[in-house]
Number of protein chains: 2
Amino acid sequence: MTGRRGRGEFDLIARYFAPLSRAAPGAFALGNDGALLTPPAGASLVVTKDLMVAGVHYPQDEDPATLARRLLRVNLSDLAAMGAEASSYALGLALPEGTAEDWVEGFAAGLARDQESFGVALIGGDTVVTSGPAVLSLTAFGTVAHGACLTRAGAAAGEDIHVSGTIGDAALGLRAVQGGLAALSPEDRAALSRRYRLPEPRLALGAALVGLATCAIDVSDGLVADLGHLCEQSDVAARVAAESVPLSGPARGALAAGEASIADLVSGGDDYELLFCAPQAARGAVSALGERLGLALARIGTVEGGQGVTVVGTDGRPLPLARAGYTHF
Amino acid sequence: MTGRRGRGEFDLIARYFAPLSRAAPGAFALGNDGALLTPPAGASLVVTKDLMVAGVHYPQDEDPATLARRLLRVNLSDLAAMGAEASSYALGLALPEGTAEDWVEGFAAGLARDQESFGVALIGGDTVVTSGPAVLSLTAFGTVAHGACLTRAGAAAGEDIHVSGTIGDAALGLRAVQGGLAALSPEDRAALSRRYRLPEPRLALGAALVGLATCAIDVSDGLVADLGHLCEQSDVAARVAAESVPLSGPARGALAAGEASIADLVSGGDDYELLFCAPQAARGAVSALGERLGLALARIGTVEGGQGVTVVGTDGRPLPLARAGYTHF
């Protein structure tokens, strides 16, 4: 019932986490009460925080390195949605008593790997023991030029709605992780699982959307729910053509095999693609951007006056969407 | 097993947490992927993160308003130790399924009250469900002028060691909360409990120590352990005279009643007083500062060459200290 730390915590921090802070002088090698962050002149800091709970947000037996990378990537995806450049992160770990040191070592190794990929460093945090499942908290920091930050507000009627990559893979991937999707090939199941377990934060895209997109969000709750967030914050409605939603080969396979409906895919979360709006006049620029980044950008619908999100099926009728996916404000 | 949020979370955030972000325009009323923080020109941002677990760091039945205030204050105390001015915080809540809305309402009311006291605002966060005990994560932000940040490194042999307030109350307070300290009066037990449940972050002191102290830390792990952290980061040793450690009336009562030893008090955590070093030439300035702030500042010992912390008892011999409190690096 005290906040005091035992030797174990100090040892773990020194051995596995302090090395992850090497690139950040303001982290004081994790030997201080807090860290110092100094954004470059003319820039603001962007802050985002996401939690994951074992057995709720990931399978209890998930590989710790993959889990660490997913935790980091999910937060970096929020920075991407704001057009920020990722810089650092703080980590809060509540771990079950008796967590094996191997697990911590693997977790830190995963962070080290993705720190390299994304150019970020650990700047601080806290490690505590819990009698329940692990709770992982990450606060990510990025920088964005003053006034350049993308938000969820800003879409106007008549604009195009675009999304990067493919949609619905992560929701299918979770089912594959859980042993489902028996009708698909092992390769397709593996590809979908990977999309769930290791999302790709679209940082280069987000940064390039500053000045081009009028609003942006990352697809974490599901395409329809997150489009609903954009609509709510921008005070507009959205109409999406189901056949224009970009699907991967394995996702098309799952549709063909009757393993999922298009409604499932547009409601499924965890894809961490970027969803954004832009004026029709920017279509050429959006296409050119996609080509430059080697990343598919699909135009999936139109911003309208009103409220709510409608997904129109190939029969011209609105898709019936489950309540969970359809977040109407 | 998905990160998707249900209606419940959106409702709670809108009802109880969004109002707490009103004073921070960069919080976007919690309606965005992240928040924007812009430190004033010439200032850096200070970041700190502390977690609390129900049943580990606080009693499961703790009043939620008091708990929220303690969580915030413990983090603000880290900012104080760095000489920073507190500005904002992000909140990560992993709550047991079925947590009563009353609990959330009380928790938010506690935050609202302390936001007012300390001039801070909520800028973002995440709320998730856990199958285990509540895990509360808070990331606090402050600002400090470039180069002015206090750290744990900087103490030099010959300097004085000072501490604010009184030491050992919180450790006794925890025992009082748990039904102990029967030999004390109800008033003394209540006073000690309050010191445990609602620590006072020494923000004004911390800010005033910039340019005066050579290093600082807040007493969270215990006076001896935290002095050990200062010594380790400053590469020095410390010698403390037990009789100079400032004790409250109730703590003196507990000593007299045989409920605790001085070794217990200097090893007890959670006081959240500031421990700092300063040159002998600064004694007058330190005294004047204490008077100006109306806060007792006690000179408790001397920085020496070497390693480790020694607490000398009234008999002139080093106190035997339990391993948990005595963190020797």
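Residues numbered from 1 in each chain as written. Chains lettered and ligands numbered in written order. Predicted model: local features only at pLDDT ≥ 70, side-chain atom pairs only at ≥ 80, totals over all residues. Heavy atoms only, no water.

Q: Would you mind going over the overall build of chain A with me for this structure?
A: Looking only at helices and strands, one finds 10 helices and 11 strands in chain A. Radius of gyration (C-alpha) of chain A: 21 Å, near the 20 Å computed for a compact globule of 329 residues. Counting only C-alpha atoms, chain A reaches 65 × 50 × 35 Å along its principal axes. Buried positions account for 61% of the 329 residues belonging to chain A. Considering only intrachain contacts with a sequence separation of at least 6, the fraction spanning at least 24 residues in chain A is 84%. Accessible surface for chain A amounts to roughly 11,800 Å². Of this, 51% is attributable to carbon and sulfur atoms. Each charge sign in chain A was given a centre, from 24 positive and 36 negative side chains, and these centres are 1 Å apart. (Helix = DSSP H or I, 4+ residues; strand = E, 2+ residues; numbered from the N terminus. Rg over C-alpha atoms; globule rule 2.2 N^0.38 Å. Buried < 20%, exposed > 50% of the residue type's maximum accessible area, 1.4 Å probe, protein only. Contact = heavy atoms within 4.5 Å. Areas by Shrake-Rupley, 256 points an atom, 1.4 Å probe, with all protein chains shown as cover. Lys, Arg positive; Asp, Glu negative; His and termini not counted. Charge placed at Lys NZ, Arg CZ, Asp CG, Glu CD.)

Q: Is there a simple way to explain the domain arrangement of chain A in this structure?
A: Where interface size is quoted, it is often the accessible area lost as the parts come together. All names here are of chain A. Split by domain assignment, chain A resolves into domain 1 (7-27 + 39-145) and domain 2 (160-312). Averaged C-alpha coordinates put domain 1 and domain 2 at centres separated by 26 Å. Each partner contributes to the interface: domain 1 provides 20 residues, whereas domain 2 provides 18 residues. Interface area for domain 1 against domain 2, summed over the two sides, is near 1,600 Å², with a carbon-plus-sulfur share of 60%. Across the contact surface, domain 1 and domain 2 share three salt bridges. Put simply, Glu 62 and Arg 197 hold a salt bridge, and the shortest N to O gap is 2.7 Å. At the boundary of domain 1 with domain 2, the tally comes to five residue pairs in polar contact (both at pLDDT 80 or more). When residues in the side of domain 1 that touches domain 2 are grouped by element, the largest group, 11 residues, is from helix 2 (residues 64-81). Of the residues contributing to the side of domain 1 that touches domain 2, the split by class is 10 nonpolar, four polar and six charged. (Domains from an automatic or database assignment. Buried area = accessible area lost by both parts, 1.4 Å probe. Salt bridge = Lys/Arg side-chain N within 4 Å of Asp/Glu carboxyl O. Polar contact = N/O pair within 3.5 Å; in protein donor to acceptor, adjacent residues only side chain to side chain. Nonpolar A, V, L, I, M, F, W, Y, C, P; charged D, E, K, R; others polar.)

Q: Please explain the interface of chain A and chain B as it appears in this structure.
A: In this assembly, 79 residues from chain A lie in contact with 79 residues from chain B. Summed over both partners, the interface of chain A with chain B comes to about 5,900 Å²; 55% of that surface belongs to carbon and sulfur atoms. Counting across the interface, chain A meets chain B through two salt bridges. Two residues, Arg 152 of chain A and Asp 33 of chain B, come together in a salt bridge whose shortest N-O distance is 3.3 Å. Our count for the chain A to chain B interface comes out at 20 residue pairs in polar contact (both at pLDDT 80 or more). Along the lines of polarity and charge, the residues of the side of chain A that touches chain B split into 37 nonpolar, 29 polar and 13 charged. As paired strands, strand 1 (residues 35-37) of chain A and strand 2 (residues 43-53) of chain B are joined by three bridges and run antiparallel to one another. From the neighbouring strand, Ala 35 of chain A faces strand 2 of chain B, where its bridge partner is Val 47 of chain B. (Pairing = 2+ DSSP bridges.)

Q: Looking at this structure, I do not really get the sheet that holds strand 7 (residues 215-218) of chain A. What am I missing?
A: Pairing between the strands of a sheet comes from backbone hydrogen bonds, and it takes one of two forms, parallel or antiparallel. Residue and element names in this part refer to chain A. Spatial ordering of the open sheet is given by 7-9-6-10-8-11, a layout of six strands whose pairing is mixed. The strands lining the two open edges of the sheet, one partner per strand, are strand 7 and strand 11 (308-312). Direction aside, the axes of adjacent strands within the sheet are offset by 25° on average. Where strand 8 (residues 237-241) meets strand 10 (residues 297-304), four bridges bridge the pair, whose relative direction is antiparallel. Counterpart to Arg 239 in the pairing with strand 10 is Thr 302. Sitting on the sheet, helix 10 (residues 283-293) touches strand 6 (160-164), strand 9 (274-278) and strand 10, and the angle it makes with strand 10 is about 150°. (Axes fitted to C-alpha atoms, helices over the stretch in contact; angles between N-to-C directions.)

Q: It is not clear to me how the sheet that holds strand 1 (residues 35-37) of chain B should be interpreted in this structure. Could you clarify?
A: In spatial order, the strands read 4(A)-3(A)-5(A)-2(A)-1(B); together these five strands make up an open sheet with mixed pairing. A strand with exactly one partner marks an edge of an open sheet, and here the two such strands are strand 4 (121-130) of chain A together with strand 1 of chain B. The mean angle between the axes of side-by-side strands here comes to 20°, regardless of whether they run parallel or antiparallel. With respect to the sheet, helix 2 of chain A is in contact with strand 2 (43-53), strand 3 (85-96) and strand 5 (135-145) of chain A, its orientation differing from that of strand 2 of chain A by roughly 140°. Across the face of the sheet, helix 3 (residues 101-118) of chain A comes into contact with strand 3, strand 4 and strand 5 of chain A while running at roughly 170° to strand 3 of chain A.

Q: What's the story with the pairing of strand 3 of chain A in this structure? I'm lost.
A: Along any regular strand the residues' side chains alternate between the sheet's two faces. Residues and elements named next belong to chain A. Within strand 3, nine of the 12 residues are buried, which leaves the element mostly enclosed by the surrounding structure. Of the pairings in the sheet, the one linking strand 3 to strand 5 comprises nine bridges and is antiparallel in character. Paired with Ala 94 across the bridge in strand 5 is Val 135. Looking at chain direction, strand 3 and strand 4 are connected through nine bridges and run parallel.

Q: I tried to follow the packing of aromatic side chains on my own but got confused; where do I start?
A: Two aromatic rings, taken as a pair, are described by how far apart their centres are and by the angle between their planes. Counted according to the given criterion, the structure contains three aromatic pairs over all chains. With a centroid separation of 5.1 Å and 15° between ring planes, the pair formed by Trp 103 of chain A and Phe 107 of chain A is classed as stacked. With Trp 103 of chain A and Phe 107 of chain A both in helix 3 and four residues apart, the pair spans about one turn of that helix. Like Phe 107 of chain A, Trp 103 of chain A is buried. When the ring of Phe 141 of chain A is compared with that of Phe 141 of chain B, the centres are 5.9 Å apart and the planes differ by 85°; the resulting orientation is edge-to-face. On the criterion of chain membership, the pair formed by Phe 141 of chain A in strand 5 and Phe 141 of chain B in strand 5 (residues 135-145) is interchain, its members lying in two chains. Comparing Phe 141 of chain A with Phe 141 of chain B, the two get one shared label, buried. (Phe/Tyr/Trp six-rings, centres within 6.5 Å; stacked < 30°, edge-to-face > 60°.)

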